[in-house]
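Take a look at the letters that make up each chain.
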Amino acid sequence: MSRVMGRLGLLSEVQDLLAQGQSVALHGPTGIGKSALLDALEEQRRERPDALVLRANGAVAEHGLPYAALQDLVDQLPVELGGSLPGLVAIHDTAVEEDRLRTVLCTSFRSLLEQASRTRTVLILLDDVQWLDPQSACVIGYGRRRLTERVSVVATIGPARDPRADGDVDLSDLHHLDVPPLDAAAMIELLGAHGVPPHVAQRLHVESGGLPSLALALGGAAREQPVLLGRPTPMPASLERVLRDRFLAQDAGVQETVALAALLHRPTVRQLERAGRVEVDQHLRAAAEAGLLTRSGDAVRFTPSELGRVVTETIPAVRRTEWHRALADVAPSPAERIRHRALADPRPDAATARELALVARESASAGNRSIATELYLLAADRAPAELGTERVEWLATAVETGAPGNHVELVHRALDDFLELPAEPAQTVRVRLALPELAGSGLAAMDEVLAAALTDAGEDDRLVALVLLQRSRVALMESRPDEAGRLAERAAGLFHRAGDPIAEASARTTLAVATRWTGSGLHDHHLADALALVPASEPAQPGLTHTSPAYIAARFALYDDRLDEAWAANLSMLAQVERGAGMDQVHVLRCLVEVGVRLGRCREAMAYAARATQVAEEFGLDPHTGWFIGALAELAGGDLETGRTLAEQGAVAAQERGDTRYLQRHLLLLGQAQLRAGDAGSARATLLRIRDIEEAHGISDPTVNRWQPELVSALVALGAVDQAAGVLASARHAIDGRTGTDGVGAQLDRAEAEVLCATGDLDGAVHLLDRAAKVCADVGMQIELGRTLLARAHVERRARRAAAARSTLEEAEAVFDALHAQPWLAQVRAELAPCPVEGASDPMLGRLTDTEARIAQLVSQGASNRQIAERQHLSVKTVEAALTRIYRKLDVRSRTQLATLLVPAPTE
């Protein structure tokens with residue numbers, strides 16, 4: 001079923017409608033996978049001995065061939081029905097009247113369908129009905145409408161150049177369904193089956209707009225060409241031709257609207273309306289149906305983004321100039337106005353070049369890095385020979401400005417020009433240090449760039465310090481805090497000697513992080529030194545918020561469980577970075593999600609996670625960052641299985657990128673998800689990987705990653721109580737005598753209570769859990785409070801105090817319900833009102849988890865996905881994902897096959 005990955009829910013809905021005797025029309029843009037759905041339906045129906053499947057495909061070239069599709073259907077009829085249709089032989093006979101011929105064919109085809117449907121179900125599949133010849137459409141429609149209870153139709157409808165092209169096909173009584181773009185998870189699964197790694201598949205999902213065919217075509221190029229320092233992968237020439245032809249096949253009005261969108265910096269519906277495109281909605285709808293672009297609110301995005309360049313190249317130069325001048329007149333900002341003026345006239349001009357650079361600097365200061373980068377690049381392009389020195393500086397600044405925002409294509413255009421010019425060592429160092437900021441920069445490439453930068457720096461203290469500081473940050477990414485600390489300390493001294501307090505503060509901030517991880521106890525001292533140089537109240541430079549002392553002070557507040565302080569600080573920073581570099585936004589949003597989850601603000605955490613995903617996609621950032629944020633929010637307030645999937649693919653991607661810091665974060669979430677799903681063995685193996693990384697790199701602060709309580713729980717579940725006690729002892733020793741460890745101490749109390757419960761010391765376990773609950777309530781760790789109550793209920797159950805166990809579970813339910821912590825709420829409610837799996841001895845159900853088995857049995861009772869979701873307190877997406885796994889495990893392909901495989905359990 002790989003052809004319909006991510007479509008099983010839709011496929012099941014179509015099957016349910018067919019079972020009810022309804023016919024279905026599937027709508028969607030070119031490349032969305034409508035034909036694949038027909039393939040799956042055809043394959044399933046042909047496996048049934050009582051089914052007859054007939055299929056015809058519309059084609060532009062055959063739209064004018066009378067009765068071509070009808071002939072295709074008749075040719076597929078069984079031999080016993082004659083295999084031919086009286087009248088078809090006369091279609092070329094000019095002596096036969098058209099009306100009479102059509103009447104004969106309608107009645108004859110209806111008669112054949114009636115005979116065929118007496119002993120079997122008949123399903124007619126019509127692909128691209130907008131291109132069926134009108135004569136066939138008439139005959140097919142006549143027969144179908146008169147045998148609606150015995151003959152079903154599934155038709156796909158795609159875009160047509162003539163909006164009236166599907167007017168010959170009567171679809172009025174069909175049930176209409178849209179085929180939506182694939183979501184990221186389904187696209188990653190689809191491309192993964194073709195050898196595309198998850199982080200590349202995520203980028204292709206964004207570039208393709210969720211169109212499977214386009215993503216597969218782009219995926220082939222991505223596999224063949226490795227990405228170095230974020231350099232974009234060229235579009236395959238064959239795909240470029242297909243997309244160009246698809247664009248040129250549109251009506252003139254659609255072409256002009258799409259071409260104007262390609263000339264805009266960031267096209268929006270409002271800008272196109274300002275340019276006089278009064279039919280913009282209709283034109284963009286047609287372009288979206290053709291798979292050329294997507295629209296999200298006011299924003300318009302080409303799919304893939306390189307299509308904008310392809311479209312621009314089709315515009316004659318003279319017309320392109322005229323349009324740029326017209327767009328300059330209606331531009332909504334000075335930056336966009338001067339951009340269009342410069343693009344309308346490519347000749348060198350000193351005044352224009354200086355004005356471009358001035359507006360670029362103003363835009364960068366306002367946080368508009370994308371257009372600022374392009375304006376710096378245009379300033380260099382328009383600079384005459386006498387501005388050679390300025391040209392080099394503008395190109396260097398373009399790289400510096402664009403890299404933190406991951407504006408890859410602009411950065412590499414500036415870099416290519418910069419490398420052709422004589423530059424000062426300081427400029428070269430600046431450019432080299434900016435390049436690793438691009439998403440997708442591999443560690444080997446970064447090491448090479450930084451080594452070259454150190455050579456270029458020579459004896460200049462400040463330049464050497466800049467290189468050392470960047471190396472220190474790379475060491476942190478690799479979870480090497482000792483090395484990071486040594487480099488940051490050297491950099492801080494050199495910055496101090498060079499008289500650069502802002503850079504010195506940044507170095508001392510990095511030193512504070514490194515010493516926090518190693519547990520040396522000096523982190524607060526180093527952070528105080530940094531804040532003395534740059535107070536927390538002073539806004540950070542655009543793009544550098546996530547390396548500022550104020551940001552790290554908020555991180556330390558999170559580590560110390562000063563959660564209200566951390567929440568307020570991050571909210572303040574969010575207002576500062578919303579118009580800045582994408583990575584700054586994602587870092588601050590991640591912090592808000594981390595703090596929000598610990599506070600139990602699950603709805604807000606989910607909303608901030610969604611924003612982080614949107615920003616990461618907009619700026620093309622490495623996806624494993626967004627996957628961590630999404631997984632964290634999902635495990636608290638969304639869906640357990642979705643969180644596990646994000647954490648699992650994030651761990652793979654982070655390891656491939658050499659980002660050990662994010663690898664640890666993903667492993668923690670993956671271990672939690674595995675533990676909560678009942679797979680303690682996998683959880684133990686996952687969490688031990690974090691321990692091994694920390695031991696190898698000298699990380700010893702339990703407040704940072706907090707994997708120890710989860711590992712203890714996994715070990716207790718596996719009966720390894722002595723090993724669990726050893727983990728607890730080490731963690732207790734690491735926080736002994738330190739301030740700011742009450743929160744992690746409460747988590748260790750909860751874990752130790754599980755150890756005591758396992759050894760029979762139930763009173764001791766209750767004492768620890770009561771202490772943990774008080775601390776959690778005091779510091780605001782609401783999710784942890786609910787978990788502590790859940791653990792307390794398990795102790796009460798172990799002590800055979802059923803009433804107390806139930807009462808405590810109800811307390812936990814009330815906590816999780818108030819927090820909108822859906823996965824935890826579902827777990828508690830399952831314990832309060834367990835749904836026993838009927839027929840668990842059935843070897844088929846034995847292959848499934850308890851949740852999967854319950855869903856399978858509800859399907860066998862005829863419940864829809866939404867009904868199952870409501871009964872089991874799950875999301876519809878979770879039910880669909882579970883069905884995918886059930887189909888795979890039981891080797892079935894439809895709800896019907898699943899229902900016949902299982903004996904339905906008694907209904908409630």
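Scroll up for the structure.
To keep things clear, this report deals only with the structure shown in the data block. Values in this document were obtained by computation on a predicted structure and should not be read as measured data.

Glancing now at the pairing of strand β1 (residues 24-27). Examined bridge by bridge, β1 and strand β4 (residues 151-157) share 4 bridges and lie parallel to one another. Looking at β4, one finds that A25 is bridged to A155. One ladder, built from 4 bridges, connects β1 with strand β5 (residues 175-178); its direction is parallel. Counted as the bridge partner of A25 is H176 from β5.

The subject of this paragraph is the pattern of salt bridges. Tallied over the full model, the rule gives 61 salt bridges. The partner of D127 in a salt bridge is R55, with the nearest N and O atoms 3.6 Å apart. In this pair, D127 is assigned in strand β3 (residues 121-127) and R55 in strand β2 (residues 51-57), connecting sequence segments 72 residues apart. For R480, the salt bridge goes to E478, with nearest N and O atoms at 2.5 Å.

Attention now goes to the packing of helix α32 (residues 660-676) against helix α35 (residues 708-717). Relative orientation and spacing of two packed helices are given, respectively, by the angle between their axes and the distance between those axes. Contact geometry of α32 with α35 gives a least axis separation of 10 Å together with a crossing angle of 30°. Along this stretch, α32 crosses α35, giving a crossing that reads as left-handed. In this structure, α32 uses L668, Q672 and L675 to contact α35, whose residues at the interface are E710, S713 and A714. For the contact of α32 with α35, a count of residues per class yields 3 nonpolar, 2 polar and 1 charged.

Looking now at the pairing of strand β6 (residues 293-296). Summarising the sheet, β6 and strand β7 (residues 299-302) pair through 4 bridges and their orientation is antiparallel. Bridging from a neighbouring strand, T294 pairs with R301 of β7. Between β6 and β7, which pair antiparallel one after the other, the connecting turn spans 2 residues, and G297 there sits at a positive phi close to 65°.

Turning to unusual backbone geometry, a few remarks are in order. In this chain, T303 is followed by P304 through a cis amide linkage whose omega measures -5°. Mapped onto the elements, P304 comes out in the loop between β7 and α13 (307-313). The phi dihedral of R706 is positive, around 55°, even though this residue is not glycine. Inspection of the secondary structure assignment puts R706 in the loop between α34 (702-705) and α35. Judged by its relative accessible area of 6%, R706 falls in the buried class.

Calculation rules
- Residues numbered from 1 in each chain as written.
- Predicted model: local features only at pLDDT ≥ 70, side-chain atom pairs only at ≥ 80, totals over all residues.
- Heavy atoms only, no water.
- Pairing = 2+ DSSP bridges.
- Helix = DSSP H or I, 4+ residues; strand = E, 2+ residues; numbered from the N terminus.
- Salt bridge = Lys/Arg side-chain N within 4 Å of Asp/Glu carboxyl O.
- Axes fitted to C-alpha atoms, helices over the stretch in contact; angles between N-to-C directions.
- Left-handed = near helix turned anticlockwise from the far one by under 90°.
- Contact = heavy atoms within 4.5 Å.
- Nonpolar A, V, L, I, M, F, W, Y, C, P; charged D, E, K, R; others polar.
- Buried < 20%, exposed > 50% of the residue type's maximum accessible area, 1.4 Å probe, protein only.

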